[in-house]
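# A look at the structure
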Amino acid sequence: MSRSGTSGASAPRGSLSPEERRTERSIALVRIAVVAVVADVYLISIGIRPAVRPLAPSVLVLAAVYAIWSLLARPDETMSPNRFQAATLLVDATLITLWLVATGGTNSEYWTLYLIALVAVAMRYSLVETFFSALGLAVLYVIVLSINGGASPAALLSRLPVLLIAGFALGVLAQQRRTHQVQRQLLAQIAEDRSQALAEEQALVARLREVDLAKSEFVAVAAHEFRTPLAAILGVFSTLRNHGDGLDPSLRDELLVGAETQAQRLGRLVDDLLTVARIEDGALRLDVQPVEAEWLVSHAIQVSRTGDRVRTDLGGVQTIWCDADHMVRVLTNLIDNARKYSPPDGAIFITVAQGPSTVSVSVRDEGPGIPKERRAEVFDRFRRLGEKPKKPGAGLGLYITRSLVEAHGGTIRVDEALGGGADFNFTVPQAERDQPVSTDRPAAATAV
């Protein structure tokens, strides 16, 4: 038999759907009501209808117990849904047949209870199942009539067609009900799909707005940061062009050095902006290999030109699994940040430690430190502490640092250093691989 409930894909295999559970509960309630009405009619008719046999009270008690059980039963825990529904249909037919035998057989007017059984079938199944169930009940009724003295032509002509016609009519209603359920399911699915599509479109619009805002902010910051070094370089060129012949050689060299410094700053800013674009586009690629820890630290110190201020402690760590260029970039950014916010004579401390499966690196300075409530935001893009930061920079260094560390699968945080200052500590996971240690790496660009 095909099930007409709205089980769909949401109902686990071997269990009733919520719609089918509601249908079974409704049938159980109808069953209890019918048993109550039949019992009431039976009690009223005691002494009036001598045809009622002693079997009747037993059938009524059995039907009452069965009706209550069917209301409390859980098909998921007793048997499969199809077997449960088929079993209850057979029990209904059996109890109705026993009741017909107990109340007079051929002369019993309770044959109409078969129609209520057909209603239960129609509530569960479609047209074909309902009609064939009516046909089966008609055959069963003919058998009952034959056992109880034979079937009268009047009974056959009046009752059997009613069963068959009722079965067909209820089957048509069941088919329409099933069609409406399927249509409701389709409409609900369409509504859900459209709602989901709308939510995705709204999320995409919100994302595009964020991207547009970020690009606007990106362009504004870039334009602002480009202006200073470009103005300085143009000023030097203008001075040399107009007064170059009359300038003292030492002053001319000083101007050229200043222009070179600003050009390097401009180049670092361009490199930072390109790195941010690659990070946000997901185009960042890593070449992870074992690299000498001493080379990484010393090269970062050399690039940042802070050799006279940095104190290092490698903690016996020989190699670090990482992308050498990006790891030098991370160290250089942290060293530059420590130098920027430290006193002119303040020392910078780099400590490397080996963990069970990670390597941790700490870069500590002697500056003013970072308030606890603002430590998380220092890694945001374009974020610089203070309403009007006095230090130069675009606020990209720590954002790039965090992104590169996370690209390695690591984490980074900032704490208060002992004795004051900021302590930036990051960890990167390590892998055991039989590859040669790389000591020859190109210089990594630094951040502003």
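Now for a quick tour of the structure. (Residues numbered from 1 in each chain as written. Predicted model: local features only at pLDDT ≥ 70, side-chain atom pairs only at ≥ 80, totals over all residues. Heavy atoms only, no water.)

## Let's talk about the environment of Leu170
Under the convention used in this document: In this description a helix means any DSSP run of H or I spanning at least four residues, a strand means any run of E spanning at least two, and both kinds are numbered starting from the N terminus. Buried means the residue's accessible area, taken with a 1.4 Å probe over protein chains only, is under 20% of the maximum for its type, while exposed means over 50%, and partly exposed covers the values in between. Here a residue-residue contact requires only that any non-hydrogen atoms of the pair lie within 4.5 Å.
On the secondary structure map, Leu170 appears in helix H7 (residues 153–243). For Leu170, a relative accessible area of 19% corresponds to the buried category. Contact partners of Leu170, with chain neighbours within four places excluded, come to Leu115, Leu118, Val119, Ala122 and Thr130.

## Brief notes about the side chain of Thr97
Of note, Thr97 is situated in helix H4 (residues 81–102). Its relative accessible area of 12% is what places Thr97 among the buried residues. Setting aside its immediate chain neighbours within four residues, Thr97 contacts Tyr114, Leu140 and Val144.

## Looking at the sheet that holds strand S4 (residues 348–354)
What counts, and what does not: Two strands pair under a simple rule: DSSP has to find at least two bridges between them. In this analysis an axis means a line fitted to C-alpha atoms, helices contributing only their contacting stretch, and an angle means the value between N-to-C directions, from 0 to 180 degrees.
Ordered in space as S2-S4-S5-S7-S6, the five strands form an open sheet in which the pairing is mixed. Of all strands in the sheet, those with a lone pairing partner are strand S2 (310–313) and strand S6 (411–416), marking the two edges. Within the sheet, the average angular offset between the axes of one strand and its neighbour, ignoring direction, is 15 degrees. In the sheet, S4 pairs with strand S5 (residues 358–364) via six bridges, with the strands oriented antiparallel. Looking at S5, one finds that Ala353 is bridged to Ser360. Sheet strands in contact with helix H10 (residues 324–340) are S2, S4, S5, S6 and strand S7 (422–429), and its direction is about 170 degrees off that of S7. Sheet contacts for helix H11 (residues 397–407): S6 and S7; angle to S6, the most-contacted strand, approximately 130 degrees.

## Things to note about the pattern of salt bridges
Our working rule: By definition, a salt bridge exists where a carboxyl oxygen of Asp or Glu is found within 4 Å of a side-chain nitrogen of Lys or Arg.
For the structure shown, the criterion picks out three salt bridges. Linking Asp336 and Arg339 is a salt bridge whose minimum nitrogen-to-oxygen distance equals 3.1 Å. Within this pair, Asp336 and its partner Arg339 are both found in helix H10, separated by three residues, close to a single helical turn. For Arg413, the salt bridge identified is with Asp415, shortest N-O distance 2.7 Å. Classification of Arg413 by relative accessible area gives partly exposed; the value is 45%. Assessed through its relative accessible area of 28%, Asp415 is described here as partly exposed.

## Some thoughts on the packing of aromatic side chains
What counts is decided by this rule: Working definition: a ring pair exists when centres of Phe, Tyr or Trp rings (six-membered ring for Trp) sit within 6.5 Å. Plane angles under 30 degrees give stacked, over 60 give edge-to-face, the rest tilted.
Evaluated as defined, the whole model comprises two aromatic pairs. Ring plane angle 25 degrees and centroid distance 6.4 Å describe the contact between Tyr66 and Trp69, whose orientation is recorded as stacked. Taken as a pair, Tyr66 and Trp69 lie in helix H2 (residues 55–72) at a separation of three residues, close to a single helical turn. Judged by relative accessible area, which is 40%, Trp69 ranks as partly exposed.

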